[in-house]
Amino acid sequence: LHSWMRSYKAMVREAGVAADQKVSYLRSYTNGEPQQLVDDYRKRQDNNPTSTLAEIWTELERRFGNTAALTHALLERLSTATSFGAKDNNTLQKFTDLCVVVDCQMTHLPGLACLNYPIAIRLIIEGLPASHQSQMGEENSAICREAQRRLPTFCEFSKMTQNQAELRNHLNVSARAATKNNQTQNRRREERKEKLPLSGDETKESLKSSMDAADGN
């Protein structure tokens, strides 16, 4: 919230926005519940826009700027986001995006620094599919060769997930996986056909061919 507030204030300052227009700008700069909050204040039709804007900032801070609540919410999302299959590349990308958000918020939410402790990062890694853990182990060894095989920091872990997501969601990789899957399905269909019992005509034709082969011998 704080970085967002600074960005908004810098924008209206550079644009030279008048006080009575700042609330309207604020509305266009928000969405969801924060935007609904701004709308509620706009409907009051206060004649003092500066006072109205100050009240909006206070309420936004109270509802959405609590650092402890934001930290807890991100940690909760992170703890449940590792539950996806080894081939679920879309969810891997969502998990990666969340890691990037958490990493970026560490400066503003000091409580997230707990993710740099070995026990915290280990719990996250152990929640990932085994294939992802294996690949991260190999990459971690390369990154941490000079650090006596320490566990990665969260920033390093985030970069590892980005690398995996980029690799697994690459168009060529996805196309090869789809082709391989189609080939496997076609092979299984052919195998099932071979195991099906012959029809009456097919049985007679098969017997006739066997007898002709025997006469020939």
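Calculation criteria
- Residues numbered from 1 in each chain as written.
- Predicted model: local features only at pLDDT ≥ 70, side-chain atom pairs only at ≥ 80, totals over all residues.
- Heavy atoms only, no water.
- Core = buried A, V, L, I, M, F, W, Y, C linked by side-chain atoms within 4.5 Å.
- Buried < 20%, exposed > 50% of the residue type's maximum accessible area, 1.4 Å probe, protein only.
- Helix = DSSP H or I, 4+ residues; strand = E, 2+ residues; numbered from the N terminus.
- Contact = heavy atoms within 4.5 Å.
- Salt bridge = Lys/Arg side-chain N within 4 Å of Asp/Glu carboxyl O.
- Axes fitted to C-alpha atoms, helices over the stretch in contact; angles between N-to-C directions.
- Parallel < 35°, antiparallel > 145°, perpendicular 65-115°, else oblique.
- Left-handed = near helix turned anticlockwise from the far one by under 90°.
- Nonpolar A, V, L, I, M, F, W, Y, C, P; charged D, E, K, R; others polar.
- Expected span 1.5 Å × (residues − 1).
- Phe/Tyr/Trp six-rings, centres within 6.5 Å; stacked < 30°, edge-to-face > 60°.
- Lys NZ or Arg CZ within 6 Å of the ring centre and 35° of its normal.

The next thing to look at is the nonpolar core. Counting 20 residues, the largest nonpolar core has Leu 78, Phe 95, Leu 115, Ile 124, Phe 154 and Phe 157 as the members making the most contacts within it. For this core, the elements supplying multiple residues, two or more each, are helix 5 (67-80), helix 6 (89-105), helix 7 (118-126) and helix 9 (154-168). A total of five residues in this core trace back to one element, the largest contributor, which is helix 6. When neighbours within four sequence positions are excluded, Phe 95 is seen to be in contact with Leu 78, Ala 81, Thr 82, Phe 84, Ile 124, Leu 128, Phe 157 and Thr 161.

Per the counting criterion, the structure on display carries three salt bridges. As a salt-bridge pair, Asp 39 and Arg 27 come within 2.5 Å of each other at their nearest N and O atoms. Here the residue Asp 39 occupies a position in helix 3 (residues 32-42), and Arg 27 occupies one in helix 2 (residues 19-28), the gap between them amounting to twelve residues. The exposure class of Asp 39 is buried, given its relative accessible area of 15%. Taking relative accessible area as the criterion, Arg 27 reaches 28% and is therefore assigned partly exposed. Of the charged contacts in the structure, one is a salt bridge between Glu 55 and Arg 44, with a shortest N-O distance of 4.0 Å. Of this pair, Glu 55 sits in helix 4 (residues 49-64) while Arg 44 sits in the loop between helix 3 and helix 4, and the two are eleven residues apart along the sequence.

Let us now look at the packing of helix 3 against helix 4. Put simply, helix 3 and helix 4 touch, their axes get as near as 10 Å, and they point 150° apart. Between helix 3 and helix 4, the angle falls in the class roughly antiparallel. Note that helix 3 runs across helix 4; the crossing there is right-handed. Within the contact between the two elements, helix 3 uses Glu 33, Pro 34, Leu 37, Val 38 and Tyr 41 and helix 4 uses Thr 52, Glu 55, Ile 56, Glu 59, Leu 60, Arg 63 and Phe 64. Looking at side-chain class alone, the contact of helix 3 with helix 4 contains seven nonpolar, one polar and four charged residues.

An ideal rise of 1.5 Å per residue puts 20 Å on 14 residues; helix 5 measures up with 20 Å between its terminal C-alpha atoms. Looking at the buried side of helix 5, the elements it contacts are helix 6, helix 7 and helix 9.

Any two aromatic rings considered together are summarised by their centre-to-centre distance and by the angle between their planes. A complete count under the given rule lists three aromatic pairs for this structure. For the ring pair Phe 95 and Phe 157, a centre distance of 6.1 Å and an interplane angle of 75° mean the geometry is edge-to-face. Of this pair, Phe 95 sits in helix 6 while Phe 157 sits in helix 9, and the two are 62 residues apart along the sequence. Here the two residues Phe 95 and Phe 157 agree in accessibility, since each one is buried. Judged by centre distance (5.9 Å) and plane angle (45°), the rings of Phe 154 and Phe 157 are tilted. A residue pair is termed a helical-turn pair when its members lie 3 or 4 positions apart in one helix, as Phe 154 and Phe 157 do in helix 9 at three residues. Each member of the pair Phe 154 and Phe 157 is classed as buried. Aromatic rings pair up to connect Phe 84, Phe 95, Phe 154 and Phe 157 into one cluster. Across the ring face of Trp 57, the terminal group of Lys 9 is positioned such that the distance to the ring centre comes to 5.2 Å. Here the basic side chain of Arg 44 rests over the ring of Tyr 41, its NZ or CZ set 3.9 Å away from the ring centre.

So, to be careful, I would describe these as geometric facts and stop short of saying anything about function.
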